[in-house]
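Report on the structure
Each chain is listed here by its residues.
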Amino acid sequence: MELTYSSIIQNKHIVEDIYEMHLEFENKEINPGQFFMVKSLEGSYLLPRPISVYDYDGKILKLLYKVVGKGTKIFSKLKTEEKVQILGPLGNGFPLQDIKGKVALIGGGIGIAPLNYLVKNLKAFEIDSYLGFRDKIYSLDKFEEFSQKLVIATETGNYGKKGFVTDFVNWEDYDTLITCGPEVMMNKIIKIGKDKSIKTYASLEKRMACGIGACLGCSVKTTSGIKRACKEGPVFSGEELVVEEQPW
Amino acid sequence: MELTYSSIIQNKHIVEDIYEMHLEFENKEINPGQFFMVKSLEGSYLLPRPISVYDYDGKILKLLYKVVGKGTKIFSKLKTEEKVQILGPLGNGFPLQDIKGKVALIGGGIGIAPLNYLVKNLKAFEIDSYLGFRDKIYSLDKFEEFSQKLVIATETGNYGKKGFVTDFVNWEDYDTLITCGPEVMMNKIIKIGKDKSIKTYASLEKRMACGIGACLGCSVKTTSGIKRACKEGPVFSGEELVVEEQPW
Amino acid sequence: MVNLKVDFLGKEFKNPVLSASGTFGFGEEYEDIFDISRLGGICSKGLTLNKKEGNEGIRIWETPMGMMNSIGLQNPGVESFISREINIMKKFNTNIIANLGGNTEEEYLKGIELLNTSEVDIIELNISCPNVKEGGMAFGIKSKTAYDIVKKCKKVSKKPLMIKLSPNAENIGEMAKACEEAGGDALSLVNTFSGMAVDIDKRSPVFNNIYAGVSGPAIKPIALKMVHEAAQNVDIPICGVGGISSGRDALEFIMAGASLIQVGTANFMKPDICIDIINEIEVFLIKENIKDIKEIIGIV
Amino acid sequence: MVNLKVDFLGKEFKNPVLSASGTFGFGEEYEDIFDISRLGGICSKGLTLNKKEGNEGIRIWETPMGMMNSIGLQNPGVESFISREINIMKKFNTNIIANLGGNTEEEYLKGIELLNTSEVDIIELNISCPNVKEGGMAFGIKSKTAYDIVKKCKKVSKKPLMIKLSPNAENIGEMAKACEEAGGDALSLVNTFSGMAVDIDKRSPVFNNIYAGVSGPAIKPIALKMVHEAAQNVDIPICGVGGISSGRDALEFIMAGASLIQVGTANFMKPDICIDIINEIEVFLIKENIKDIKEIIGIV
Ligand SMILES: Cc1cc2nc3c(=O)[nH]c(=O)nc-3n(C[C@H](O)[C@H](O)[C@H](O)COP(=O)(O)OP(=O)(O)OC[C@H]3O[C@@H](n4cnc5c(N)ncnc54)[C@H](O)[C@@H]3O)c2cc1C
Ligand SMILES: Cc1cc2nc3c(=O)[nH]c(=O)nc-3n(C[C@H](O)[C@H](O)[C@H](O)COP(=O)(O)OP(=O)(O)OC[C@H]3O[C@@H](n4cnc5c(N)ncnc54)[C@H](O)[C@@H]3O)c2cc1C
Ligand SMILES: Cc1cc2nc3c(=O)[nH]c(=O)nc-3n(C[C@H](O)[C@H](O)[C@H](O)COP(=O)(O)O)c2cc1C
Ligand SMILES: Cc1cc2nc3c(=O)[nH]c(=O)nc-3n(C[C@H](O)[C@H](O)[C@H](O)COP(=O)(O)O)c2cc1C
Ligand code: FES
Ligand code: FES
């Protein structure tokens, strides 16, 4: 983990409110599921924003982000060669060594970002990917390349199947479910995992201030007490999460 | 006066911390000495910044500005085609009809900005221009074109005469002194004007919030009571200013 | 169509958005910029019985997403207001709120007596200006002092009295209650927070008065809390002020208990921002299928 | 070379820059980012006698140039601190300030007794946390209540006591004086301002506790004023906190009367900002030809 100022190699619009930023970041080790606290150097906001690693090849750090508010809006306007402050890689990442058997990756919207870097690092496993979007689809390449099966669903039916992607998963086929996406989707999957005794991992989105475990702002209730999403997470196993009381 | 969002035609670095911005602004009437409240659309500051009209040809509004703090720093990073919020033209401007006889324009540093648009509109008069800089010189063209005499001084002696430009003015030669620059310089000239009964006009820099006369933040003490620099000014005649009590 | 109209102290407001005292003059300077008759109302620059020249020295200072001012109630005096400035305000066809400050009880009472005969709709009793030495604010710190002055003012006033509270009050809930008990018809809050800036190069305070008033988006969360606290403590209506610069901000105050809101510092950021705020409130109500703004006043 | 060293309650501080309680954990998380031994000191996360899990729901919310938090004093408890976390802090070779909160008198007194035997340099008595219901803050609103608790704490404490004041105190000057008279050895101020945010889409408060603490650059001018006011009222030394994010900010507090300063929220903006601040202070002193930082403490 380090604090550094990275140059933007490119920052391009993908579709709708989705953007992809490439940053110089050489020779580091990054686990899938880890994230960075990202901050533009000018701009009228205070806290860095947590953004997952979308891809990394030892040279270029790729981020996929959705413009939802002030901070991400400013990100979308940054130009090549400008610098951004990044702190990371942070968090635990997915427990690659523990993931077993047949795996379903289930991503919703921008939640596919961390799964993208995961899918190529899970090569050794049998993976099916289920990706849900509202209307437009994006960033399918890696999932196509590394999954045995790829199921796409959109709420509008514009691409792939119509409906929520979770409606098209045959849960019993899997030993492990890995999810990142809207909280309702993740809660549903965690519940299904618990009910059907399938191992699940979810990457949680909590509001963060420090990103390194110092402020205790990102607390997550687990069966073994309060944990920090930025430090002991953002990836948690479904069993340990106390979902009912999560405000997400 | 109007509130509008103007596109930047260009925004170029001139020298040291001096920049020149050109904005689309068509078919308006602007008096020399008037100014605009300028604000970038993003950025972590609140109040627009007052900037004088440096030049105007009925199509392109030119501003010359010096980076001194947060706001002007953000200005310097704006790119062609971005928009800025401008409110203006504001203030009284120089009283062209009252300016008489032989005129000395005395500008210090970035204070030459409003004089630049003035000198070309004072064509009918006999004008000598005295411009003082710290080290580097800039924006002399108009003064060369429209003055009978142009005297340059730099504090470092790098260009023109060495010292303060006020040291090279033969005060008795003039009927009118017009000045804009650092407060010490303007105070000195106002005092000389009073002592020698030469008519003087100074364009004052006061901190402003509204720029239109509503907040009373930019008060100037005059012999006829408190006036607003943004509305009854920024140009005041030396006689009416109560210099001793000015905090500028 | 959704209903933005609010009835407040027996007056109809087209919408809940007012311009705050001291940031909008008497309206005329904004006339070239937007159609002022669209506002719910205008609060006049703070008036005092006699004309005031205001403070010397620097009067404006920017802070992170806020500003400080030390205007010191520069104003033409109540008599001039009644014979001149009020006529400017009248032509905007909206509610006129006269903001009245004072250093002594007599000044307040005489000011009110003069305003009684004028066409102002409401008197906003400013017991909270931090920028005059003897200080209107002196009345706005301790609940007991506030109670006394409000009670006396109420006795002479023929206009509805809206008491403008200071965020520097010792206990805002108690203060709100005291003003209600003294007969205040409504409350507006908050005025500016007492703050300070140091010019480290000169090694001296920026302001001649050392302290000055902090306003703008920076204070919004604190102001909102105070409005909520006041609303929990009184039954009289509340006008929320402090850092509002968007429709969402305005709606936060309304949901926290404000029937009307005032926009101050944000007018400087974008002089037609009140119009944006009115429009944003309307769009929100439509989107959320809320027929009447009254449905959401104080629901939080 | 200029001297940045400050003597404070008999301890030598390398420089006046400390990390503020609750924003820096026990230091270890920042270890990878910069050399923590460069700090003048570290204030621990707020401790309570017994372990606390903290608040439910959203704990962090951004505001214009500020933030709100509702952590609710999540901490391992004093005993764990003494046996574990203090050892992390010790290796940074800087002053250790234990921030101690509590809901009852006994909790404070027992906490102090335990800390007496530890290696902490100073106890920062937190009578100002707005985020626990029964609330440390209850002790920090009225001067009389504060006087009583400080007096009792002082009696049992073998460590120097620095009282951390709340900006929500009814009267900060009086409060400062009361804490001095009760035997407080130093003051630190301010803790967070009580504030609120409303989620207008959900029509409910953002925080489960409704109110939460506001910090960051937004509050700087108000915090600075309070530090100045406290400094005018007491002779004991002051540690200034609130919105400091640059060397210039720190120098404003120092000139207004703070011997030391703490950096809180700004650590989140840029995790090595304390180092920038130390460097900027040093550069300023050199440029202004000030040999010793003590020359400018309280000169405004
Ligand atoms: C570990 C982690 C990884 C993430 N990875 C990605 C990613 O790869 N791509 C992506 O687009 N988004 C990602 N997010 C969500 C992203 O952080 C938020 O969308 C972003 O912070 C919103 O900032 P804003 O200024 O645009 O929105 P605003 O609503 O203006 O933000 C206001 C505040 O709320 C916080 N906030 C708002 N939404 C969220 C959220 N969903 N999660 C956490 N904090 C939030 C912000 O950080 C900020 O402090 C991730 C979040 C976490 C916790
Ligand atoms: C009528 C008028 C015309 C001006 N014309 C020009 C011009 O043509 N070119 C140019 O470069 N500058 C001009 N100035 C000065 C310019 O407004 C300031 O340099 C600028 O506001 C500084 O902003 P900042 O954010 O960079 O500095 P900061 O110091 O960060 O600004 C902080 C606050 O102080 C105010 N402020 C700081 N310095 C000044 C100043 N000298 N005068 C007024 N307010 C100040 C800012 O507006 C802002 O509100 C003019 C000022 C006035 C009043
Ligand atoms: C420049 C300025 C002048 C002000 N003058 C007055 C005044 O005369 N009377 C008054 O009651 N409030 C005055 N205020 C306070 C505002 O009306 C308002 O209560 C405060 O600024 C908080 O709102 P805001 O954050 O929207 O500005 C003034 C504020 C500013 C910024
Ligand atoms: C996330 C967070 C947690 C905090 N926890 C504590 C605490 O446990 N004890 C305490 O005395 N102050 C606590 N504070 C207050 C800070 O120490 C500091 O007084 C306040 O934030 C103002 O300073 P700042 O603006 O530099 O952050 C906390 C502040 C934040 C932002
Ligand atoms: S964000 Fe600070 S502890 Fe997780
Ligand atoms: S800047 Fe507001 S009156 Fe001049």
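Overview of the structure. (Residues numbered from 1 in each chain as written. Chains lettered and ligands numbered in written order. Predicted model: local features only at pLDDT ≥ 70, side-chain atom pairs only at ≥ 80, totals over all residues. Heavy atoms only, no water.)

Let us look at the arrangement of the chains. No other pair among the 4 pairs of chains in contact exceeds the contact count of chains C and D. At the level of C-alpha atoms, the two units chain A and chain C stay apart, their nearest approach being 8 Å. (Contact = heavy atoms within 4.5 Å.)

With that settled, consider the interface of chain C and chain D. Counting residues at the interface gives 41 residues for chain C and 41 residues for chain D. For the pair chain C and chain D, the two sides together bury roughly 3600 Å², of which 66% comes from carbon and sulfur. Summed over the shared surface of chain C and chain D, the result is 4 salt bridges. A salt bridge links D:R248 to C:D201; the shortest N-O distance between them is 2.8 Å. Our enumeration of links across chain C and chain D arrives at 12 residue pairs in polar contact (both at pLDDT 80 or more). Contributions of two or more residues to the side of chain C that touches chain D are made by β11 (193-196), β13 (204-205), β14 (211-215), α6 (220-233), α7 (247-255) and α9 (273-287) of chain C. The element best represented in the side of chain C that touches chain D is α6(C), accounting for 6 residues. A class-by-class count of the residues in the side of chain C that touches chain D yields 24 nonpolar, 6 polar and 11 charged. (Buried area = accessible area lost by both parts, 1.4 Å probe. Salt bridge = Lys/Arg side-chain N within 4 Å of Asp/Glu carboxyl O. Polar contact = N/O pair within 3.5 Å; in protein donor to acceptor, adjacent residues only side chain to side chain. Helix = DSSP H or I, 4+ residues; strand = E, 2+ residues; numbered from the N terminus. Nonpolar A, V, L, I, M, F, W, Y, C, P; charged D, E, K, R; others polar.)

Another aspect to go through is the site of ligand 2. Residues and elements named next belong to chain B. Taken together, 21 residues are adjacent to ligand 2, and P50, G71, T72, E205 and R207 come closest. Interatomic distance of 2.6 Å between a backbone N/O atom of P50 and an oxygen atom of ligand 2. At a separation of 2.6 Å, an oxygen atom of ligand 2 approaches a polar backbone atom of G71. Compared with its free state, where it exposes 820 Å², ligand 2 has 86% of that area covered by protein. Listed by contribution, the elements that provide at least two residues to the shell around ligand 2 are β4 (49-52), β6 (60-66) and α1 (70-77). The residue makeup of the shell around ligand 2, split by class, is 11 nonpolar, 4 polar and 6 charged. Here the shell around ligand 2 spans two domains, since at least three of its residues come from each of domain 1 (2-90) and domain 2 (96-240). (Near = heavy atom within 4 Å. Areas by Shrake-Rupley, 256 points an atom, 1.4 Å probe, with all protein chains shown as cover. Domains from an automatic or database assignment.)

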